[in-house]
Amino acid sequence: MSGSMHADVAIRPEDYVVVDGLRMVLPYEFEFKSHVKKRWIGRSVVDVFTEEFRGRDRSYFEEALRSGRLAVDGRETGVDAPLQPSQVIRHYIHRHEPPVLEETIRVVHCDETMVVVCKPACMPVHATGQYRKNTVLGILEAEAPHLMPLMPVHRLDNQVSGLLIFARNKATATKLGKQIESRQISKVYLARVTGIFPSEESVVDCPLSYDHRKGIAVTATDSTFKGRVAKTVFQRMRVSKDQSYSIVICRPITGRSHQIRIHLRETGHPIQNDPLYGGTNSMNRIAFRLEEAMALQLDDVDKLMAGEELHADRGKKRKTCIHREAMCMHCPYMLPRGYPVKLEPIWLHAHKYSGEGWSFQSPTPAWVEQD
């Protein structure tokens, strides 16, 4: 549901449980809030929600309205009552979040103006879609509340790991944002690509567009979209002993969505495990762990938290019984139904950022050293 999302309860370490290397969030009550949009005026809230939020059917929204879990301006509303301008709709749900990989968010630098962390792959930065607590900001709020609030100043693709800079105040956020926009901050990424990358420096100067419907970057020659200037400099770092892959240093001059990934494809040496841009799909044990996790029920997690045997990481014993909700479309399962989850990292890592008077570098990923 579009609109602002509100939750008054702080995120805490005990909101999470780890099962077989996957960090999961215990289901919780959550309120979605949205102002009536122009296209909704004159229609009933049940008609609007049935059409626009198709994960639930009409009977669910009718029952939610009768029970008070769906409300307009906080009052009882008839099923056929027309929505009016400036009204506020609230939808109270039992929220189940998708899992992320159980990896530590390392704090690389912290001062009064900024915090720099090393983001694990396949972890959203901020609240988006079904994710709120299982994000970099959510986990930092739970584990390091003294750092909050934090404001992201740049993007990092979900499947990509590496440095992520947060501002601790608006002035710093504005300053860093302007430096990024004017290309005063240099970035160095590491990538593992197919084959033997050329030893000499390579420059790809290829305009790009982003197809939001398909979720993929396209070159000007691939599409009818008008491309934006995009330039990346590549330098080979080393070649594997069996010559099946190369480690490449990537220096993006511009910052378009998926820029490095598609520019590496243009060199003929795509990221080895990036099927979206010419690599191969590295189906590994993460996919099988996720398949097993989708079958996990709340009763299983209750046993885990009580310290009973379960094929999972034991962690601390807790006596908490997870709340169930009769109208929830996901209960009795732990993870949400019908929501795509991508837990396959790609071998691209934001390794070093430098600006005026500062420079930060992350640890080198294991896949760089493997041979």
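Structure: see above.
Residues numbered from 1 in each chain as written. Predicted model: local features only at pLDDT ≥ 70, side-chain atom pairs only at ≥ 80, totals over all residues. Heavy atoms only, no water.

## What to know about the overall build of the chain
Scanning the chain from terminus to terminus reveals eight helices and 19 strands. Overall, the C-alpha framework of the chain stretches about 70 × 55 × 40 Å when taken along its three principal axes. Of all 371 residues assigned to the chain, the portion counted as buried reaches 48%. Of the contacts made within the chain by residues no fewer than 6 positions apart, 68% connect residues no fewer than 24 positions apart. Per element, the accessible surface of the chain, about 18,700 Å² overall, is 50% carbon and sulfur. Across the chain, the centroid of the 51 positively charged side chains sits 5 Å from that of the 45 negatively charged ones. (Helix = DSSP H or I, 4+ residues; strand = E, 2+ residues; numbered from the N terminus. Buried < 20%, exposed > 50% of the residue type's maximum accessible area, 1.4 Å probe, protein only. Contact = heavy atoms within 4.5 Å. Areas by Shrake-Rupley, 256 points an atom, 1.4 Å probe, with all protein chains shown as cover. Lys, Arg positive; Asp, Glu negative; His and termini not counted. Charge placed at Lys NZ, Arg CZ, Asp CG, Glu CD.)

## Quick word on the packing of helix α1 (residues 45–52) against helix α2 (residues 58–67)
Closest axis-to-axis distance for the α1/α2 pair is 9 Å, and the angle between their directions is 140°. Relative to α2, the element α1 lies oblique. Like other packed secondary-structure pairs, α1 and α2 cross with a definite hand, here right-handed. The residues of α2 that touch α1, namely those facing V45, V46, D47, F49 and T50, are R58, F61, E62 and L65. The residue inventory of the contact of α1 with α2, partitioned by class, reads five nonpolar, one polar and three charged. (Axes fitted to C-alpha atoms, helices over the stretch in contact; angles between N-to-C directions. Parallel < 35°, antiparallel > 145°, perpendicular 65-115°, else oblique. Left-handed = near helix turned anticlockwise from the far one by under 90°. Nonpolar A, V, L, I, M, F, W, Y, C, P; charged D, E, K, R; others polar.)

## Details of the sheet that holds strand β3 (residues 22–25)
Pairing in this open sheet of three strands is antiparallel, and the strands run β2-β3-β7 from one edge to the other. Of all the strands in the sheet, the pair left with one neighbour each is β2 (16–19) and β7 (100–101). Across four bridges, the pairing between β2 and β3 is antiparallel. Residue pairing in the sheet places V17 in a bridge with M24 of β3. (Pairing = 2+ DSSP bridges.)

## Notes on the environment of L26
Structurally, the position occupied by L26 is in the loop between β3 and β4 (28–35). Along the sequence, L26 and L335 sit 309 residues apart, while their C-alpha atoms lie 9.1 Å from each other.

## Section: the pairing of strand β15 (residues 216–219)
Along β15, one buried face is formed by I216 and V218 and the opposite face, lined by A217 and T219, is buried too. As paired elements, strand β14 (residues 208–211) and β15 share four bridges and run antiparallel to each other. Paired with L208 across the two strands is T219, which belongs to β15. Counting the residues that bridge the hairpin from β14 to β15 gives four residues, and of these G215 lies at a positive phi of roughly 70°.

## Overview of the side chain of R261
Of note, R261 is situated in helix α5 (residues 259–267). With residues near it in sequence (within four places) discarded, R261 still touches D157, Q159, I271, D274, L276, Y277, I346 and L348.

## With respect to the pattern of salt bridges
Under the counting rule described, the total for this entry stands at 18 salt bridges. A salt bridge links E52 to R39, with the shortest nitrogen-to-oxygen separation between them at 2.8 Å. Of the two residues, E52 sits in helix α1 while R39 sits in the loop between β4 and α1, which places them 13 residues apart along the sequence. (Salt bridge = Lys/Arg side-chain N within 4 Å of Asp/Glu carboxyl O.)

## Regarding the nonpolar core
Residues V17, M24, V45, I89, F166, L264 and M334 are the most contacted members of the largest nonpolar core, which totals 99 residues. Ignoring anything within four residues of it in the chain, the contact list for F166 reads T113, M114, V115, V117, V125, V136, L137, L140, L150, M151 and P152. Listed in part, the seven residues of the second largest apolar core include V188, Y245, I247 and W367. (Core = buried A, V, L, I, M, F, W, Y, C linked by side-chain atoms within 4.5 Å.)

## Some words on the packing of aromatic side chains
Any two aromatic rings considered together are summarised by their centre-to-centre distance and by the angle between their planes. Going through the model one piece at a time under the given rule, you end up with nine aromatic pairs. Ring geometry for Y28 versus F30: centroids 6.0 Å apart, planes at 85°, classification edge-to-face. Here Y28 and F30 have matching classes, each one buried. Between the aromatic rings of F30 and F32, the centroid separation amounts to 5.2 Å while the plane-to-plane angle is 75°, which identifies the pairing as edge-to-face. Both residues of the pair, F30 and F32, count as buried. Among the aromatic side chains, those forming a connected cluster through ring pairs are W40, F49, F53, Y60 and F61. (Phe/Tyr/Trp six-rings, centres within 6.5 Å; stacked < 30°, edge-to-face > 60°.)

Keep in mind that these numbers describe shape and distance, not what the molecule does.
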